[in-house]
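Report on the structure
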Amino acid sequence: MLITCPYCGPRDVVEFTYQGDGNRERPDPASQNFEAWNAYVYDRLNPAGDHNEIWQHSGGCRAHLRVVRNTLTHEILSVAFMRSTHTSTARRKAEDKS
Amino acid sequence: MMAEYSAFSLLANALKGNKDWKPAWRKPDPKASYDVIIIGGGGHGLATAYYLAKEHGITNVAVLEKGWLGSGNVGRNTTAVRSNYLLPANTRFYEHSMKMWENLSHELNYNVMFSQRGCLNLAHTPAQFDDYARRGNAMRHLGVDAELMTPAQIKRLIPALDISDSARFPVVGGLMQRRAGTARHDAVAWGYARGADRRGVDIIENCEVTGFLRDGDRVTGVTTSRGDIRAKKVAVTVAGSTGRVVQLAGVETMPIESHVLQAFVTESLKPFIDTVVTFGMGHFYMSQSDKGGLIYGGDIDGYNSYAQRGNLPIVDEVMSEMLALFPGLARVRMLRSWGGVCDMSMDGSPIITTGPLPGMYLNCGWCYGGFKATPASGWCFAWTIAKDQPHEFNAPFTLDRFHRGLVIDDKGQGANPRLH
């Protein structure tokens with residue numbers, strides 16, 4: 001499995017750490033809505049098909065990435081920086097390159 | 001009833017030219033309705049059908065299998081059977097299963113080749129050895145056999161194991177369950193299938209469930225690739241496909257992620273190891289089949305997958321772990337590798353329950369340890385379906401335990417399914 005890091009380019013999956021399901025929405029830290037917290041911690045969509053995921057390029061630029069990957073074929077459909085407002089050096093350099 | 005398979009029937013059929021053997025199960029067409037439909041013709045589904053018929057007299061049952069019988073995880077696991085858990089809910093359940101294994105070949109009149117060759121967990125630090133002592137004591141407290149072993153005893157048991165001080169992770173001891181072992185996984189599926197079939201259960205292969213029939217909230221049957229089938233009760237035993245199947249019933253989320261686990265077998269060797277051994281400084285386990293191949297595996301790949309195949313990094317990792325324990329295997333060739341989809345639950349423990357909808361029953365969350373649970377899982381699930389309430393052995397394994405703070409997390413990993 002190759003993941004194309006927006007900054008580093010295509011790299012082998014061993015350089016990345018899977019951070020899990022990217023569909024979950026973390027409640028506001030001050031929230032006392034236990035049902036929302038329980039859902040965030042325990043409930044998963046677990047689709048057979050396209051899956052929103054969070055990966056970290058831990059063996060590279062260390063950026064957190066939002067990846068769409070097919071769980072039936074392992075095909076990577078898209079990779080983006082985690083935050084659209086990412087202002088790290090990595091992102092600026094990626095933009096300079098493009 | 002005279003046993004269908006016996007020395008006498010073998011001789012009688014041999015004299016008659018082996019013309020009179022019946023197929024182990026029929027190939028019936030689905031009827032319009034049943035008392036109980038079981039979705040999934042793997043070990044757990046077939047065992048459930050068998051115990052529904054045998055223990056509860058419910059024989060108007062269909063087992064619907066998308067592929068062929070036993071094509072999923074019951075034919076893909078590494079066949080280890082053990083009951084060496086820490087927490088009482090798990091220990092009681094898996095020990096019940098172990099006791100059923102000990103009589104299973106007689107029960108089914110089918111040789112499942114259950115071999116109580118022991119399962120040894122290796123410890124590589126004094127702290128880990130202490131932790132094993134704690135788990136061993138917890139097991140013995142509940143009547144399960146467990147014994148601590150010294151490196152010298154381990155060396156006598158497994159001569160090929162590197163227990164030298166120069167090993168990457170020197171062995172400081174181990175926890176042995178002598179009654180643990182292995183069984184022939186296909187025979188378990190076939191034995192349960194024949195037992196259920198002979199009691200009237202319809203096993204319907206190549207029949208994919210495509211949806212659920214509903215009357216309001218209540219599930220009243222299924223739509224399949226072979227037509228609609230109605231039932232008073234619909235039970236789901238589909239392991240790694242649980243998410244896909246319950247979504248057909250409108251249940252969007254589950255406390256489960258599907259992950260791929262790979263397994264491997266080497267070319268046949270002369271007798272090399274006569275127990276099941278597990279590595280304590282990684283995730284690796286190995287035993288030897290009666291054909292001589294070393295059967296081994298390690299961790300799941302670590303990302304969501306329904307693919308029934310994995311990637312190379314975990315292959316590399318598993319081989320490294322094997323060589324850390326057994327340097328002498330460096331030039332043995334791997335014959336085959338494969339993958340199975342595991343239903344990883346949020347606490348590492350299974351779910352055997354009524355629901356989540358009226359008329360529906362759920363059996364899932366086996367992570368990668370479902371094979372050893374097969375007899376007790378079927379037995380408890382049949383009880384739950386027949387009586388609409390759980391047996392005390394599966395009462396803790398509810399679906400709502402996660403939201404109620406009643407998780408059964410044997411490894412203490414938290415809600416991170418890829419770590420269980």
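Residues numbered from 1 in each chain as written. Chains lettered and ligands numbered in written order. Predicted model: local features only at pLDDT ≥ 70, side-chain atom pairs only at ≥ 80, totals over all residues. Heavy atoms only, no water.

Looking only at helices and strands, chain A features 2 helices and 6 strands. For chain A, the N- to C-terminal ordering of α and β elements is β-β-β-α-β-β-β-α. The buried share of chain A, reckoned over its 98 residues, is 38%. Restricting to contacts in chain A with at least 6 residues of sequence separation, those with at least 24 account for 44%. Total accessible area on chain A is roughly 5,500 Å²; 49% of this is exposed by carbon and sulfur atoms. (Helix = DSSP H or I, 4+ residues; strand = E, 2+ residues; numbered from the N terminus. Buried < 20%, exposed > 50% of the residue type's maximum accessible area, 1.4 Å probe, protein only. Contact = heavy atoms within 4.5 Å. Areas by Shrake-Rupley, 256 points an atom, 1.4 Å probe, with all protein chains shown as cover.)

The next subject is the overall build of chain B. A count of helices and strands for chain B gives 10 helices and 18 strands. For chain B, the C-alpha radius of gyration of 22 Å lies close to 22 Å, the compact-globule estimate for 420 residues. For chain B, the residues scored as buried account for 57% of the 420 residues in total. Contacts in chain B between residues far apart in sequence, at least 24 positions, make up 74% of those at least 6 positions apart. Only carbon and sulfur atoms are counted for the fraction: they give 52% of the accessible area of chain B, which is about 17,200 Å². Taking the average location of the 44 positive side-chain charges in chain B and that of its 40 negative ones, the two points are 5 Å from each other. (Rg over C-alpha atoms; globule rule 2.2 N^0.38 Å. Lys, Arg positive; Asp, Glu negative; His and termini not counted. Charge placed at Lys NZ, Arg CZ, Asp CG, Glu CD.)

All right, on to the packing of aromatic side chains then. Considering all chains together, one arrives at 20 aromatic pairs over all chains under this definition. Their ring planes at 50° and their centres at 4.9 Å tell us that A:Tyr18 and A:Trp55 sit as a pair that is tilted. One end of the pair, A:Tyr18, is in strand S3 (residues 17–21); the other, A:Trp55, is in strand S4 (residues 50–56), and 37 residues separate them in sequence. Summarising the burial analysis for this pair, A:Tyr18 and A:Trp55 share the class buried. Between B:Phe264 and B:Tyr296, the aromatic rings sit 5.5 Å apart at their centres with planes inclined by 25°, giving stacked as the arrangement. One end of the pair, B:Phe264, is in strand S12 (residues 256–268); the other, B:Tyr296, is in strand S15 (residues 293–304), with 32 residues separating them in the sequence. Taken as a pair, B:Phe264 and B:Tyr296 share a single burial class, namely buried. Within the aromatic cluster, the residues linked to one another by ring pairs are B:Tyr85, B:Phe93, B:Tyr94, B:Trp366 and B:Phe397. Over the ring of B:Tyr306 we find B:Arg244; its NZ or CZ atom is 5.6 Å from the centre of that ring. (Phe/Tyr/Trp six-rings, centres within 6.5 Å; stacked < 30°, edge-to-face > 60°. Lys NZ or Arg CZ within 6 Å of the ring centre and 35° of its normal.)

Let's shift gears to the nonpolar core. Residues and elements named next belong to chain B. Tyr51, Phe93, Trp101 and Tyr192 are the most contacted members of the largest nonpolar core, which totals 55 residues. At the level of elements, strand S1 (33–39), helix H2 (43–56), strand S2 (61–64), helix H3 (88–101), helix H4 (104–108), helix H7 (185–198) and helix H10 (374–387) are the ones that each hand at least two residues to this core. The leading source of residues in this core is H2, at 7 residues. In this structure, Tyr192 is in contact with Leu46, Ala47, Tyr50, Tyr51, Leu104, Leu108, Thr374 and Pro375, ignoring residues within four places of it in sequence. Ranked by size, the runner-up nonpolar core spans 30 residues in total, among them Ile204, Cys207, Ile229 and Val246. (Core = buried A, V, L, I, M, F, W, Y, C linked by side-chain atoms within 4.5 Å.)

Attention now goes to the sheet that holds strand S13 (residues 276–279) of chain B. All names here are of chain B. The mixed open sheet is built from 8 strands, whose spatial order is S5-S6-S4-S13-S14-S15-S12-S16. Across the chains shown, the open sheet's two edge strands, defined by having one partner strand only, are strand S5 (147–149) and strand S16 (334–345). Averaged over all neighbouring strand pairs, the angle between strand axes comes to 25°, with direction disregarded. Across 5 bridges, the pairing between strand S4 (residues 119–123) and strand S6 (residues 173–177) is antiparallel. Following the sheet pairing, Cys119 is matched in S6 by Gln177. Strands S4, S12, S13, strand S14 (284–288), S15 and S16 of the sheet are contacted by helix H9 (residues 312–325), whose axis makes an angle of about 135° with S15. (Pairing = 2+ DSSP bridges. Axes fitted to C-alpha atoms, helices over the stretch in contact; angles between N-to-C directions.)

Take the pairing of S6(B) next. Residues and elements named next belong to chain B. Where burial is concerned, most of S6 is hidden: 5 out of the 5 residues are buried. Two strands pair when backbone bridges link them, and S5 and S6 are joined in this way by 3 bridges, in the antiparallel orientation. Bridging from a neighbouring strand, Glu147 pairs with Met176 of S6.

Bringing the interface of chain B and chain A into the picture now. Each partner contributes residues to the interface: chain B has 27 residues there, and chain A has 27 residues. Contact between chain B and chain A buries roughly 2,200 Å² in total, counting both sides, with carbon and sulfur atoms accounting for 50%. At the surface where chain B touches chain A, the tally comes to 1 salt bridge. B:Glu257 is the partner of A:Arg44 in a salt bridge, and the nearest nitrogen-oxygen pair spans 2.8 Å. In this assembly, chain B and chain A are joined by 15 residue pairs in polar contact (both at pLDDT 80 or more). For the side of chain B that touches chain A, the elements supplying multiple residues, two or more each, are helix H8 (242–248), S12 and S15 of chain B. Here the side of chain B that touches chain A gets 4 residues from one element, more than from any other, and that element is S12(B). Classifying every residue of the side of chain B that touches chain A by side-chain character gives 12 nonpolar, 10 polar and 5 charged. (Buried area = accessible area lost by both parts, 1.4 Å probe. Salt bridge = Lys/Arg side-chain N within 4 Å of Asp/Glu carboxyl O. Polar contact = N/O pair within 3.5 Å; in protein donor to acceptor, adjacent residues only side chain to side chain. Nonpolar A, V, L, I, M, F, W, Y, C, P; charged D, E, K, R; others polar.)

Residue and element names in this part refer to chain A. An order of S3-S4-S5-S6 is seen for the 4 strands of this open sheet, with the pairing classed as antiparallel. With one partner strand each, in any of the chains shown, S3 and strand S6 (76–81) form the two edges of the open sheet. Neighbouring strand axes in the sheet, compared pairwise and without regard to direction, differ in orientation by 30° on average. For S3 and S4, the ladder comprises 4 bridges, and the chain directions are antiparallel. Across the sheet, residue Gly20 finds its bridge partner in S4, namely Ile54.

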